[in-house]
Amino acid sequence: MRAIEVEDGESRPKLYGYWRSSTSYRIRIALNLKGLTYDYVPVNLKEGEQMGEAYRAINPHGTVPLLDTEEGQFTQSLAILDWLEVHYPTPSFLPKTNAALCRDLYYAVATEIHAPNNLPILKYLKSEFGADQAALEAWYQTWIHKTFAPVEARLAAHNWSGEDLPFGQPTLLEIVLIPQVYNARRWNTDLSMFPYIEKIDAACIDLDAFDKARPENQIDAS
Ligand SMILES: N[C@@H](CCC(=O)N[C@@H](CS)C(=O)NCC(=O)O)C(=O)O
């Protein structure tokens with residue numbers, strides 16, 4: 001299914017996503033790192049398209065991303081990353097050394113921040129508890145800080161195998177970290193106390209796979 005090796009009759013994966021969705025951003029980075037081309041189907045979260053009947057018929061969760069592959073349709077970004085790693089092992093999302101530490105940091109960033117900061121939670125805080133923009137920002141920044149602080153401390157203590165990236169190559173950690181840095185900035189989070197995280201972000205943004213995946217570079221960006 002690799003684009004450059006597509007055989008007759010084989011179809012490309014189709015990614016249903018939204019330009020500003022951080023879980024869609026993960027999958028765009030991952031597909032690019034694996035050198036895969038894919039068709040992109042925008043689902044407008046701002047207009048609630050994810051909740052519409054047409055999309056729910058494809059994805060009952062009413063969320064993006066969804067990756068439509070020849071093996072089935074997958075709706076969970078971490079499961080999609082696993083699937084990509086199994087089917088396209090090269091280049092690997094994991095470093096040869098310190099893979100366990102890499103995974104540990106990856107799970108922290110991937111699982112602890114997105115859930116409390118996801119769109120339905122913010123909407124609920126607003127509608128049920130009257131949270132205004134300042135309160136929502138404080139909420140959002142709280143959960144970024146709670147996980148970024150220990151991740152930063154562990155990155156500072158880690159013996160980096162590359163000058164710019166802790167594991168010497170882009171890994172699962174960067175795939176989930178860069179979208180969270182994007183979100184953090186969008187929500188006016190002060191990142192100055194996280195110099196290692198900022199250093200990783202600066203290094204990744206220069207890489208083609210990450211640049212092409214940036215929200216601003218998507219066809220549905222507005
Ligand atoms: N556990 C899912 C979460 C997917 C998710 O919540 N995506 C967000 C966008 S980042 C979404 O579609 N939110 C819209 C909604 O829940 O209405 C994953 O990791 O892929």
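This one's a predicted model, so the numbers in the text were calculated from it and none came from an experiment.

Glancing now at the site of the ligand. Close contacts around the ligand come from 15 residues, with Q50, V64, Q76, S77 and N118 the closest. Contacts to the ligand include T23, whose side-chain N or O atom sits 3.4 Å from a nitrogen atom. In the model, an oxygen atom of the ligand is placed 2.7 Å from a nitrogen or oxygen of the S77 side chain. Relative to its unbound accessible surface of 510 Å², the ligand loses 85% to contact with the protein. With three residues, the top contributor of residues to the shell around the ligand is helix α1 (residues 22-33). Its residues assigned to classes, the shell around the ligand comprises four nonpolar, 10 polar and one charged.

Empty space within the largest pocket amounts to approximately 1200 Å³. Together, 43 residues line the largest pocket, and S21, L45, N118, L119 and P120 are the ones closest to its centre. Those elements giving two or more residues to the lining of the largest pocket turn out to be α1, α3 (77-87), α4 (99-112), α5 (114-117), α6 (119-129), α7 (133-157) and α8 (172-186). Looking at the lining of the largest pocket element by element, the count peaks at five residues for α6.

On to the pairing of strand β1 (residues 14-17), then. Here β1 pairs with strand β2 (residues 39-42) via four bridges, running parallel. What sits directly across from Y16, in β2, is V41. Read from β1 through α1 to β2, the crossover connection turns out right-handed.

Attention now goes to the nonpolar core. Among the nonpolar cores identified, the biggest contains 65 residues, and L81, L84 and F148 are the most heavily contacted of them. If one sorts the elements of this core by residue count, α8 sits on top with nine residues. Built from parts of two domains, this core gets at least three residues from each of domain 1 (3-91) and domain 2 (99-211). Once you skip the residues sitting within four places of it in the chain, F148 turns out to touch I113, L177, Q180, V181, L191, F194 and I197.

A word on the UniProt feature "domain: GST C-terminal" (unreviewed entry) in the protein chain. Here the UniProt feature "domain: GST C-terminal" (unreviewed entry) sits at residues 95-222. Between the C-alpha atoms that bound residues 95-222 the distance is 36 Å, and the span itself is 67% helix and 0% strand.

It is worth spelling out the environment of W83 at this point. Mapped onto the fold, W83 is located in helix α3. When its relative accessible area of 10% is taken as the criterion, W83 is described as buried. Taking the C-alpha atoms as reference points, W83 and E71, separated by 12 residues in sequence, lie 9.9 Å from one another. Polar contacts involving the side chain of W83 include one to the side chain of E71, which spans 3.1 Å.

Parameters at a glance
Each chain carries its own residue numbering, running from 1 in the direction its sequence is written. Reporting of local features is limited, given that this is a predicted model, to residues whose pLDDT is at least 70; pairs of side-chain atoms are given and counted only at 80 or more, and all residues count toward the totals for whole chains, interfaces and linings. Computation of side-chain values covers all heavy atoms of the structure but excludes hydrogens and water. Note on definitions. A residue lies near a molecule or strand when any single heavy atom of the residue is within 4 Å of it. Polar contact is defined as a pair of N or O atoms within 3.5 Å, subject to the rule that within protein one atom must be able to donate a hydrogen and the other to accept it, and that residues adjacent in sequence are counted only when both atoms are side-chain atoms. Only the protein chains shown count as cover for residues, with accessible areas throughout obtained via the Shrake-Rupley method and a probe of 1.4 Å. Strands are runs of DSSP state E lasting at least two residues, helices are runs of H or I lasting at least four, and both sets are numbered from the N terminus onward. Amino acids are sorted into nonpolar (Ala, Val, Leu, Ile, Met, Phe, Trp, Tyr, Cys and Pro), charged (Asp, Glu, Lys and Arg) and polar (every other residue, Gly among them). A cavity here means a set of 1 Å grid points, computed over protein atoms only, where a 1.4 Å probe fits but cannot escape. A pocket is an open set with protein on both sides within 12 Å along at least 5 of 7 lines, and lining residues have an atom within 4 Å of a point. Grid points are joined across faces, edges and corners, and a volume is the space filled by probe spheres set on the points. A pair of strands is considered paired only if DSSP assigns at least 2 bridges between the two. For the handedness criterion, the strands are oriented away from the viewer, and a crossover whose path from the first strand over the helix to the second runs clockwise is classed as right-handed. Among buried residues, those of type Ala, Val, Leu, Ile, Met, Phe, Trp, Tyr and Cys that are joined through side-chain atoms within 4.5 Å constitute a nonpolar core. Burial classes follow relative accessibility: with a 1.4 Å probe on protein chains only, a residue under 20% of its type's maximum area counts as buried, one over 50% as exposed, and anything between as partly exposed. Bear in mind that the domain bounds are from an automatic or database domain assignment. Two residues form a contact once any of their heavy atoms are found within 4.5 Å. UniProt positions are given in the numbering used here, feature names are shortened, and annotations may be inferred rather than shown by experiment.

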